[in-house]
Amino acid sequence: MRFAGSVGHTLSQALCTRWLPWKLVIESMGKLIKTVVLVNVLSAATIFILSNTIDYFATTRLSDFLFFTCIFIWGIAALTWEGGKASRNYDVDYVTNKMKSMVSGHDLQAEKHKHYRQNFQFGLVMFIVGLPTFVLCVVLKFIR
């Protein structure tokens with residue numbers, strides 16, 4: 001009886017361990033879907049405001065509106081993904097080199113890599129966020 005109880009306990013632990021990554025994936029997908037909806041709504045609102053104030057953005061077709069929205073989102077992704085030319089010269093900057101010598105016990109290189117990783121992750125999420133808008137734009141363009 002004791003053996004069966006321990007096997008049941010081990011089995012429940014194995015099931016929880018087995019399903020735990022799926023739970024994390026489902027939670028991550030939920031966050032990504034919320035991000036997709038929120039960013040697309042905010043960027044569409046921005047393009048709508050721009051279309052009312054600037055004649056260049058004024059469109060009559062939904063596919064053009066979606067294209068501007070996609071370009072707006074992917075523009076933000078491009079700005080964060082690459083990090084800009086100034087961030088590539090991080091180690092060459094005189095002020096940064098002087099600061100490195102003044103700060104001891106702090107790993108600036110690890111912090112720099114952390115920021116690069118966060119920028120890359122944010123840029124990738126923004127690229128994924130722009131994909132549904134782009135697909136809808138292309139579908140609408142070929143339908144009409």
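Further up the page is the structure itself.
Residues numbered from 1 in each chain as written. Predicted model: local features only at pLDDT ≥ 70, side-chain atom pairs only at ≥ 80, totals over all residues. Heavy atoms only, no water.

(A) Representation of the overall build of the protein chain in the model. Of regular secondary structure, the protein chain possesses 5 helices and 0 strands. Of the regular secondary structure in the protein chain, the N- to C-terminal order runs α-α-α-α-α. Considering the protein chain as a whole, with its 144 residues, one finds that 18% of them fall into the buried category. Long-range contacts, defined as pairs at least 24 residues apart, comprise 72% of the intrachain contacts of the protein chain with a sequence gap of at least 6. Accessible surface, the protein chain as shown: approximately 11100 Å² in total, 70% of it carbon and sulfur. (Helix = DSSP H or I, 4+ residues; strand = E, 2+ residues; numbered from the N terminus. Buried < 20%, exposed > 50% of the residue type's maximum accessible area, 1.4 Å probe, protein only. Contact = heavy atoms within 4.5 Å. Areas by Shrake-Rupley, 256 points an atom, 1.4 Å probe, with all protein chains shown as cover.)

(B) Examining the packing of aromatic side chains more closely. Under the definition given, this model contains 4 aromatic pairs. Summarising the aromatic geometry, the rings of Trp74 and Phe127 are spaced 5.2 Å apart at their centres and angled 20° between planes, so their arrangement reads as stacked. Taken together, the positions of Trp74 in helix H2 (residues 62-82) and Phe127 in helix H5 (residues 108-143) put the pair 53 residues apart, joining distant regions of the chain. Aromatic pair Trp74 and Phe134: ring centres 5.3 Å apart, planes at 40°, arrangement tilted. Taken together, the residues Trp74 in helix H2 and Phe134 in helix H5 connect sequence positions 60 residues apart. (Phe/Tyr/Trp six-rings, centres within 6.5 Å; stacked < 30°, edge-to-face > 60°.)

(C) Expanded view of the side chain of Ser43. Along the chain, Ser43 falls in helix H1 (residues 2-53). Those residues in contact with Ser43 that sit more than four places away from it in its chain are Thr69, Phe72 and Ile73.

(D) Layout of the environment of Phe65. Relative to the elements of secondary structure, Phe65 occurs in helix H2. Taking C-alpha positions, Phe65 is 8.3 Å from Cys137, a pair spaced 72 residues apart along the chain. If near-sequence neighbours (up to four positions away) are discounted, Phe65 is found in contact with Ala44, Ile47, Phe48 and Thr59.

(E) Spotlight on the side chain of Thr80. Among the secondary structure elements, Thr80 is positioned in helix H2. In terms of polar contacts, Thr80 uses its side chain to reach the backbone carbonyl oxygen of Ala77, at 3.2 Å. (Polar contact = N/O pair within 3.5 Å; in protein donor to acceptor, adjacent residues only side chain to side chain.)

(F) Looking closely at the nonpolar core. The biggest cluster of nonpolar side chains holds 6 residues, and these are Val36, Val39, Ile73, Ala77, Met126 and Val129. The set of elements that each furnish at least two residues to this core consists of H1, H2 and H5. Discounting residues that sit within four places of it in the chain, Ala77 has contacts with Gly123, Met126 and Phe127. (Core = buried A, V, L, I, M, F, W, Y, C linked by side-chain atoms within 4.5 Å.)

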